[in-house]
Amino acid sequence: MVYLLYDIIVWLIALFLVPCYLIRGVIQGKVRRGLRERLGFFEPERFNYDTSRQVFWIHAVSVGETRAAIPLIKALRKNHPDAVLVLSNVTETGHEIARGIQVVDECLFFPLDASWVVQRVVQRVRPDQVIIVETELWPNFIRTCHRFGIPVHLVNGRISDRSFPRYLRFKKLLQPLLGLLNSFCMQSQTDADRVEQLGAPLDKIVVTGNIKFDMESSLPADVSNEQLRQEFHVPETCRVLVAGSTHSGEEELVITVYQQLRKRFDDLLLILVPRHPERCDQVAEWLTDARLQWQRRSQLADQPLACGQVLLVDTIGEMLKFYQLAQVIFVGGSLVPVGGHNVLEASLLKKPVLFGPYMHNFREIAAMIEQAQGGGRIENSDALRRELERLLDDPQACLSMGEKGSVLLQKNSGATLQTLHHVLRLKP
């Protein structure tokens, strides 16, 4: 009865959201993709792989989870070279990142969690194992996999400070669902304790660490800063400040800080990367109102940028390139109560990284990188300006912070192999 009610609610929500989804696309001038896939309809030739091949379905909801899953996907391919790797996402931006992962065989949008839709998709994909990255629990999907005898594993699991009290209110509903999963590979002991309190069987829970520490750079080994500067028309004379994955309420603050910094550092250039590219029109208006010269990434002409200007990034999939060019990096979603984004990408490239006080989605990583002095937490835009001034005045401090972040990554690597060991019973 509970799941029948859940099905009804899912369809009612879909009847409201689908038209809004399409209308929003028209307003934004975007073609909304994946609606047929979300409803379980595929071309006849999709998923016609050899039935003797193992099929692993990895689900990562959006950009952050997809990037986090890359080390796991690559390790899975190495251990099962003949397997079919299917990667699903909920968001369009996550789907774009997924399509760029060469070792993945199939990319699809995650189906609407209505019973007949999920059953149709599971029967088409025919997975032997399902791996869910972080905490993405869809009741009908998990129940359908269990009914077909398909093991489901939660990997890199985390339960944020904000989510935990909400989940506890629904413990009676969550506990039977959690019992259907085959394993819970959690990022930390805190996450393990929380999922146990929610009703997950203790014998299925293990702390494997955070696979984000195992990330690899997607940049070619031989790419140089000079080549990247030529690609983005950034003069050699400019130092670069990158504000990545920013959200509404942050861009205005970053723009103001940048205007203040330009008074002291006339060789500074800002690369501003909103988390959601569709917001770039609004950000462009703020840049114009601030009387800053700016160019969109998608419309870069042969004319080079100049120090004091802004490169507004309205594309996805190039973040590491921008980070490689940076002297200092600020990671957004942290000056406003979003919960933060992955600061380890900066450490991967040995860059100093700053972030705001709202890092509850990355609490362990934020604490570790602070303790290692590989990055710094700032409380507000004034503190951001002061810390940027300090780092720009002291290139050696930038190098030191970047190196310490890199060392932190190396010391905490290995979660991917631990995860595969527990999920697939491989040798660690």
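Residues numbered from 1 in each chain as written. Predicted model: local features only at pLDDT ≥ 70, side-chain atom pairs only at ≥ 80, totals over all residues. Heavy atoms only, no water.

1. Considerations on a nonpolar patch on the surface
Rules: Patch members must show over 30% relative accessible area and no salt bridge, and they are joined within 9 Å when carrying like charges or within 5 Å when they are nonpolar side chains of Val, Leu, Ile, Met, Phe, Trp or Tyr. A 1.4 Å probe and the Shrake-Rupley method give the accessible areas. Residues count as covered only by the protein chains that appear here. Salt bridges are identified by distance alone: a Lys or Arg side-chain nitrogen within 4 Å of an Asp or Glu carboxyl oxygen. Secondary structure is summarised from DSSP: a helix means a run of H or I of at least four residues, a strand means a run of E of at least two, and numbering begins at the N terminus for each.
Together, L4, I8, L12 and L15 give the surface a local cluster of nonpolar side chains, amounting to about 430 Å² of exposed area. With respect to the element layout, L15 can be found in helix α1 (residues 2–28).

2. Quick word on empty space enclosed by the protein
Put simply, the test is: The method works on a 1 Å grid over the protein atoms by themselves. A cavity is a set of points holding a 1.4 Å probe that cannot get out, a pocket is an open set with protein on both sides within 12 Å along at least five of seven lines, and residues with an atom within 4 Å of a point line them. Grid points are joined across faces, edges and corners, and a volume is the space filled by probe spheres set on the points. Residue polarity is assigned by list, with Asp, Glu, Lys and Arg as charged and Ala, Val, Leu, Ile, Met, Phe, Trp, Tyr, Cys and Pro as nonpolar; anything else, Gly included, falls into the polar class.
For the coordinates displayed, the defined rule picks out four cavities of 30 Å³ or more. The space that makes up the largest cavity amounts to roughly 140 Å³. If you go around the largest cavity, you meet 15 residues; those closest to its centre are R67, V273, T315, I316 and M319. Breaking the lining of the largest cavity down by element, the ones donating at least two residues are α3 (63–79), α4 (92–99), β9 (268–274) and α13 (319–325). In terms of residue class, the lining of the largest cavity is built from eight nonpolar, four polar and three charged. Within this model, the second largest cavity holds a volume of roughly 60 Å³. In terms of lining, the second largest cavity is formed by T135, L137, L154, I159, Y167, L174, L178, V195 and L198.

3. Brief notes about the state of the cysteines
A disulfide bridge is the covalent bond that connects two cysteines by way of their sulfur atoms. The cut-off we apply is this: Disulfides are defined as cysteine sulfur pairs within 2.5 Å. Partly exposed describes any residue whose relative accessible area lies between the buried limit of under 20% and the exposed limit of over 50%, with all areas from a 1.4 Å probe on protein chains only and scaled to the type maximum.
Across all of its chains, the model carries one disulfide by this definition. Between the sulfur atoms of C238 and its disulfide mate C307 the distance is 2.1 Å. Linking C238 and C307, the disulfide has an S-S dihedral of approximately -110 degrees and is accordingly described as left-handed. Here the residue C238 occupies a position in the loop between α10 (225–232) and β8 (239–246), and C307 occupies one in the loop between β10 (294–296) and β11 (310–312), the gap between them amounting to 69 residues. Given a relative accessible area of 1%, C238 falls into the buried group. No disulfide involves C107; its nearest neighbouring cysteine sulfur is the one of C145, lying 18 Å away. For C107, a relative accessible area of 18% puts it in the buried group.

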